Amino acid sequence: MGIFNKFKDEQGGFKEALIKDVQGMLGLYEVAHFRVHGEDILEEALAFTTTHLKTMVESLRYPLAEQVAHALKRPIRKGLERIEARWYISIYKDEASHDEILLKLAKLDFNLVQSLHKEELSNLTRCWAIDDIYDAYGTLKELKHFTEAIERWDINGIDHLPDYMKLYYVTLLNVYKEIEEEMEQEGKHYQVHYATEEMKNQVLAYYTEASWLHEEHVHTNIGRVHASCISNCKLHRGYNLFEQMRGHEASAIECYMKQCDVFEEQVYCEFYKQVENAWLDINQECLKPIAVPMLILVHIVNLSRVLAVIYNEGETAIHMLGNR
């Protein structure tokens, strides 16, 4: 980390001259998101650059102002590559130094795979609707039958399900069937079995939470709170309030407040801290992928990015893939 010491003054703080170099500050800000545990200088760099970029963003001119605002909302490390590419294409064309040939190639590359992205997103959103089935629409009896049907994973014998559940069930199995056919061409169809088992586990977790809601149960065990937090990933304030208004299961936020007797603001701070620590763990494993191959770690990183993008920005980011 000695390379970053050149940005510090004799008193140990970051040089004031850095503030005048917005592009340099932006680069240091992005690099700081790749830090691991113990890299204090990058922790300081993140705090320093975040503070000053937030202060100056309103006074910057386009397109630099747009770049800074976007980075503060979603740094490169936590963004999905194709969404980030789509966003940058719209900005790059307005840069005075842009290369017209490079810009055309970037647009061509994006458009070539756009149809594939739309198909994948269609499958993703169809599968994601299962959350609302358990949270908002299904009665406990219906959810019990639906959970059992998922466990059987058989298109036959779903007559006892309501029509909207039948539609989702058939769609879900078809999506997995399409994936299996594609994987079979690559000689990897066996992997679909593991994906199916994980879906069954996820659905069982949803049913357990629905049962807690039916019993008006508020968890008092911190372990369960963390499990709920991981399974739902619903830490966004607006979403949390919306869920409470719909009468959903007591959120991880509420449970933590009750168990630790703390205010809501303190819980958010704690959970955000846990999320940041998780990113430090991810960065550490990616830096030295010994226990788990990088090929597998990439999927974990991308899943973390998907969750962050969907729950922080929802359809806004997804629509970027559908527009040129």
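Residues numbered from 1 in each chain as written. Predicted model: local features only at pLDDT ≥ 70, side-chain atom pairs only at ≥ 80, totals over all residues. Heavy atoms only, no water.

Attention now goes to the nonpolar core. Within the largest apolar cluster, 22 residues are counted, with the highest numbers of intra-cluster contacts made by Ile130, Ile133, Tyr134, Leu143, Phe146 and Tyr169. Broken down by secondary-structure element, the contributors of at least two residues to this core are α6 (130-137), α7 (140-152), α8 (163-185) and α9 (191-214). At seven residues, α8 tops the list of elements feeding residues into this core. In contact with Phe146, other than residues within four places in its own chain, are Ile130, Ile133, Tyr134, Leu161, Met165, Tyr168 and Tyr169. (Core = buried A, V, L, I, M, F, W, Y, C linked by side-chain atoms within 4.5 Å. Buried < 20%, exposed > 50% of the residue type's maximum accessible area, 1.4 Å probe, protein only. Helix = DSSP H or I, 4+ residues; strand = E, 2+ residues; numbered from the N terminus. Contact = heavy atoms within 4.5 Å.)

Summing up the model confidence of the protein chain, the mean pLDDT is 81 and the portion of residues at 70 or higher is 81%. Looking over the protein chain, one finds the lowest element-wise mean pLDDT in helix α11 (residues 237-245), namely 43, and the highest in helix α2 (residues 40-56), namely 96. Long-range and interchain partners of residues 221-249, a stretch whose pLDDT sits below 50, account for 67 contacts in this model, where long-range means more than four residues apart. (pLDDT = per-residue confidence, 0-100.)

A few words now on helix α13 (residues 264-287). If you check α13, its first and last C-alpha atoms are 35 Å apart, about what 24 residues at 1.5 Å a residue would give, namely 34 Å. For α13, the full list of buried residues reads Val267, Tyr268, Phe271, Trp279, Leu280, Ile282, Asn283 and Cys286. (Expected span 1.5 Å × (residues − 1).)

Inspection of every chain in the model, using the stated rule, returns eleven aromatic pairs. When the ring of Tyr88 is compared with that of Tyr92, the centres are 5.7 Å apart and the planes differ by 35°; the resulting orientation is tilted. Of the two residues, Tyr88 and Tyr92 are both situated in helix α4 (residues 81-92); the distance of four residues between them amounts to about one turn of the helix. Measuring from ring centre to ring centre gives 6.0 Å for Phe146 and Tyr168, while their planes differ by 50°; the resulting arrangement is tilted. A residue pair is termed long-range when its members are at least 10 positions apart, and Phe146 in helix α7 and Tyr168 in helix α8 qualify at 22 residues. Residue classification places Phe146 among the buried residues on the basis of a relative accessible area of 0%. A network of ring pairs unites the aromatic residues Tyr134, Phe146, Tyr168, Tyr169 and Tyr206 as a single cluster. The ring of Phe14 carries the charged tip of Lys8 above its face, separated from the ring centre by 5.4 Å. (Phe/Tyr/Trp six-rings, centres within 6.5 Å; stacked < 30°, edge-to-face > 60°. Lys NZ or Arg CZ within 6 Å of the ring centre and 35° of its normal.)

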